[in-house]
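# Report on the structure
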Amino acid sequence: MRSRSALLVLADGRLPTGGYAHSAGLEQAIRQGWVTEIGGLRDFLRGRLHTTGLMNAAFAVAAWNAVDEFMLAEAAPARSSNAESTSESTSGTASTTSTAEALLTLNAELIARTPSPALRRIGAWLGTLMLRSMRSIHPHPLLETLPKDLQQPLVYGAVGRVLGLSDADTAATILHEAVTGPATAAVKLMHIDPFQAHGAIIDLAADLDEAAERATDFGRGDPAEIPALSAPLSDFAAELHEGDNVRLFAS
Amino acid sequence: MFDSSLPETWALNPTGSASGMTCRASVATSTDGTGSSGRTRSRIDGLRRQAPLVPRPTGASGFEPFVDGDPDIARVALTTAAAGPLGGDHYIFDVHVGAGSTLLLREVSATLVLPGAHGDPSLMHCRVTVESGGTLIWVPEPVIAAQGCHHTHRVDIDLAEDARLFYREELLLGRHGEEPGSLSSRLNVRRGGRALSIQRFDLGPAGKGFDTPSVVGGALGVGSVVIVEPDGGLPDATAIADPKSALLPIDDTCVQVNSLGDDGLALRKRLDAALAALGEPWGRETGWSAVPR
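Because the structure is predicted, anything quoted here is derived from the model rather than measured.

## Digging into the overall build of chain A
Of the regular secondary structure elements, chain A holds twelve helices and zero strands. The N-to-C order of helical and strand elements in chain A reads α-α-α-α-α-α-α-α-α-α-α-α. Against the 2.2 N^0.38 benchmark of 18 Å for 251 residues, chain A shows a C-alpha radius of gyration of 19 Å, consistent with a compact globule. Taken along the three principal axes of its C-alpha coordinates, chain A extends 65 × 35 × 30 Å. Per-residue burial for chain A yields a buried fraction of 54% across its 251 residues. Residue pairs in contact within chain A that sit at least 24 positions apart in sequence constitute 83% of those at least 6 positions apart. Accessible surface computed for chain A: about 10,800 Å², of which carbon and sulfur atoms make up 56%. The average position of the 19 basic charges and that of the 29 acidic charges among the side chains of chain A differ by 5 Å.

So, in structure tokens, the structure goes:
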């Protein structure tokens, strides 16, 4: 079960992809007094997973499916090794171009759903970090052909595909990260212990599973119909946090 | 168990809706020579009404974003000739701003969405096209989600590359002191077919996690403004006057304002303040006025 092990690696917070430096707006939400105790944290996580988390997971699923043509073209030469090298490279280039175009269209759709410039910058930066580390961790031709500055969920989709995960598991990974990131940050930011923080995550298990299913359905459909699921307080928190000089987390 | 979820996509069915009535109305404008101001004059050349949606030509009143007092633009006020939308109702409102013309669209009253007898889902779908060089200024009154409603409010705006837009939206969760109904508000602004500003607020009982500190918290008013100005000149940096309101640049020619309020008045004040800070021609510091907005 290669994909099960790969899933656990991708979802592991210890995977060095830069996410540990971010609290997903929780630090600022605490500073603003919007989150003050464990109940508030639980609410914060629930809101995040059903909005930003679900939307990002849907875009990861869309990216996973958008790289289909490239992955099939990659697999093709192995099956027909007698084919002329020229036609191979031509079809390879064509699939590279159309895959890049599809990803850029998805990126534009995701950016249009991300009104906060701070969150767009963070998304592109985390995407860059993830791509950079995954190129070393698990080199693959697809990772060499991704357009620059893709938002992180799209890189997640491509990485999930390369690691042999299903699109639904890739969605679940994003949703897992959407709550574990701020929940583990909470331990450093609030007077709660790690048991409470992880208790909050476990309490959300059914919500996470349901959101992953919805995200998978949306991601397999028309990208233009992926819901924007706006979270204005998260947008405000990201913008306020950028202007804050004293901060523990980058976002 | 009652399914409180809102339909994801609702096929546009001109012959009937879930259980209530179907209504279609439309407005179209085009250019009509040169007006007294020396600028292009716009005229209304299509106005289709079907109660409860009744668009009426109207005159200038109060502060008008971008077109303030311009005598040569087309002005239409949308009136509701009967209660609604009620549960099961299905409204379609089409707006077509022809090349080079300017339309200011307002509403006479707020839209109060009621559950009707059976609490079936209701839909208001606005389909808007703004052609090359056209300008749409749309300042609707609030959409109020009364207890028990299951309403989808969808606004699709397709802009030509050089079209101009001012769109304002105020969503209120319940009437005063009332638990809110479910409201899914979806705004899709596309330019040249490409996504520009896309928002969706799933609020009330069907909006999972909406009342949390990462989404809208305890706010009962959720509002936004989208401004598209092809000539540029919009701010390129975020302006965040207070923690519940922000002006967010989308690109060189588009900004979005998002605000929350504990009630409708607080929301309106925050949106007005953000627009006043943006300055002319989009907003102005206004004191009390007997003329509403």
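## Section: the interface of chain B and chain A
In this assembly, 34 residues from chain B lie in contact with 35 residues from chain A. Here chain B packs against chain A, burying approximately 2,800 Å² in sum over the two surfaces, 62% of which is carbon and sulfur. When the buried area of chain B at its contact with chain A is split by residue, B:Lys208, B:Pro213 and B:Ser214 rank highest and sum to 23% of it. Here chain B is connected to chain A by three salt bridges. Residue A:Glu225 is joined to B:Arg154 by a salt bridge in which the shortest nitrogen-to-oxygen separation is 3.2 Å.

## So, the pattern of salt bridges
Within the structure shown, the criterion is met by 33 salt bridges over all chains. Linking A:Asp43 and A:Arg46 is a salt bridge whose minimum nitrogen-to-oxygen distance equals 3.3 Å. Note that A:Asp43 and A:Arg46 are positioned in helix α3 (residues 38-66) at a spacing of three residues, about one turn of the helix. The partly exposed category is assigned to A:Asp43, whose relative accessible area is 28%. B:Arg190 is the salt-bridge partner of A:Glu109, the closest N and O atoms lying 2.9 Å from each other.

## Notes on the packing of aromatic side chains
Residues and elements named next belong to chain B. For the structure on display, the rule yields four aromatic pairs over all chains. Seen in terms of ring centroids, Trp 138 and Tyr 167 are 5.3 Å apart; in terms of plane orientation they differ by 75°. Their pairing is edge-to-face. Note that Trp 138 is positioned in strand β9 (residues 135-139) and Tyr 167 in strand β12 (residues 164-173), a separation of 29 residues in sequence. Each member of the pair, Trp 138 as well as Tyr 167, is classed as buried. Aromatic side chains Phe 166 and Trp 282 sit 6.1 Å apart centroid to centroid with 5° between the ring planes, which places their arrangement in the stacked category. Separated by 116 residues along the polypeptide, Phe 166 in strand β12 and Trp 282 in the segment after α1 (264-278) bring together distant segments of the chain. The residues Phe 166 and Trp 282 share a single accessibility class, namely buried.

## Examining the sheet that holds strand β14 (residues 194-203) of chain B
All names here are of chain B. With mixed pairing, seven strands are arranged side by side in an open sheet as β2-β1-β5-β8-β11-β13-β14. Two strands lie at the open edges of the sheet, namely β2 (40-48) and β14, each paired on one side alone. Ignoring strand direction, the axes of neighbouring strands in this sheet form an average angle of 10°. The pairing of strand β1 (residues 22-34) with strand β5 (residues 90-97) spans eight bridges and is classified as parallel. For Thr 29, the partnering residue across the bridge sits in β5 and is Val 97.

## Examining the packing of helix α9 (residues 167-189) of chain A against helix α10 (residues 194-203) of chain A
All names here are of chain A. The interhelical angle for the contact between α9 and α10, taken along N-to-C directions, is 160°, at an axis separation of 9 Å. Here α10 runs roughly antiparallel to α9, going by the angle between their axes. Relative to α10, the crossing made by α9 is right-handed. Of the residues in α10, those touching α9 at Val 179, Thr 180, Ala 183, Thr 184 and Val 187 are Pro 194, Ala 197, His 198 and Ile 201. Of the residues belonging to the contact of α9 with α10, the class tally is six nonpolar, three polar and no charged.

## Some details on unusual backbone geometry
Glycine aside, residues mostly have negative phi angles, and peptide bonds mostly take the trans form. Residue B:Pro52 is bonded to the preceding B:Ala51 through a cis peptide linkage, with omega at 10°. By secondary structure assignment, the location of B:Pro52 is in the loop between β2 and β3 (53-57). Cis geometry is found at the peptide bond from B:Gly84 to B:Pro85, where omega equals 5°. Among the structural elements, B:Pro85 can be located in the loop between β4 (74-80) and β5. Positive phi values are uncommon outside glycine, yet A:Leu229 reaches one of about 40°. Checked against the element boundaries, A:Leu229 lands in the loop between α11 (205-220) and α12 (232-242). Residue A:Leu229 is classed as buried on the basis of its relative accessible area, which comes to 6%. In this model, B:Phe66 sits at a positive phi of 65°, which is unusual for a non-glycine residue. Topologically, B:Phe66 is positioned in the loop between β3 and β4.

## Focus: the side chain of B:Ser101
Residues and elements named next belong to chain B. Relative to the assigned elements, Ser 101 resides in the loop between β5 and β6 (102-107). Of note is the side chain of Ser 101, whose polar atom sits 2.7 Å from the backbone oxygen of Gly 98. In contact with Ser 101, other than residues within four places in its own chain, are Thr 29, Ser 30, Thr 31, Ser 42, Gly 133, Gly 134 and Thr 135.

Parameters and conventions
Residues numbered from 1 in each chain as written. Chains lettered and ligands numbered in written order. Predicted model: local features only at pLDDT ≥ 70, side-chain atom pairs only at ≥ 80, totals over all residues. Heavy atoms only, no water. Helix = DSSP H or I, 4+ residues; strand = E, 2+ residues; numbered from the N terminus. Rg over C-alpha atoms; globule rule 2.2 N^0.38 Å. Buried < 20%, exposed > 50% of the residue type's maximum accessible area, 1.4 Å probe, protein only. Contact = heavy atoms within 4.5 Å. Areas by Shrake-Rupley, 256 points an atom, 1.4 Å probe, with all protein chains shown as cover. Lys, Arg positive; Asp, Glu negative; His and termini not counted. Charge placed at Lys NZ, Arg CZ, Asp CG, Glu CD. Buried area = accessible area lost by both parts, 1.4 Å probe. Salt bridge = Lys/Arg side-chain N within 4 Å of Asp/Glu carboxyl O. Phe/Tyr/Trp six-rings, centres within 6.5 Å; stacked < 30°, edge-to-face > 60°. Pairing = 2+ DSSP bridges. Axes fitted to C-alpha atoms, helices over the stretch in contact; angles between N-to-C directions. Parallel < 35°, antiparallel > 145°, perpendicular 65-115°, else oblique. Left-handed = near helix turned anticlockwise from the far one by under 90°. Nonpolar A, V, L, I, M, F, W, Y, C, P; charged D, E, K, R; others polar. Polar contact = N/O pair within 3.5 Å; in protein donor to acceptor, adjacent residues only side chain to side chain.

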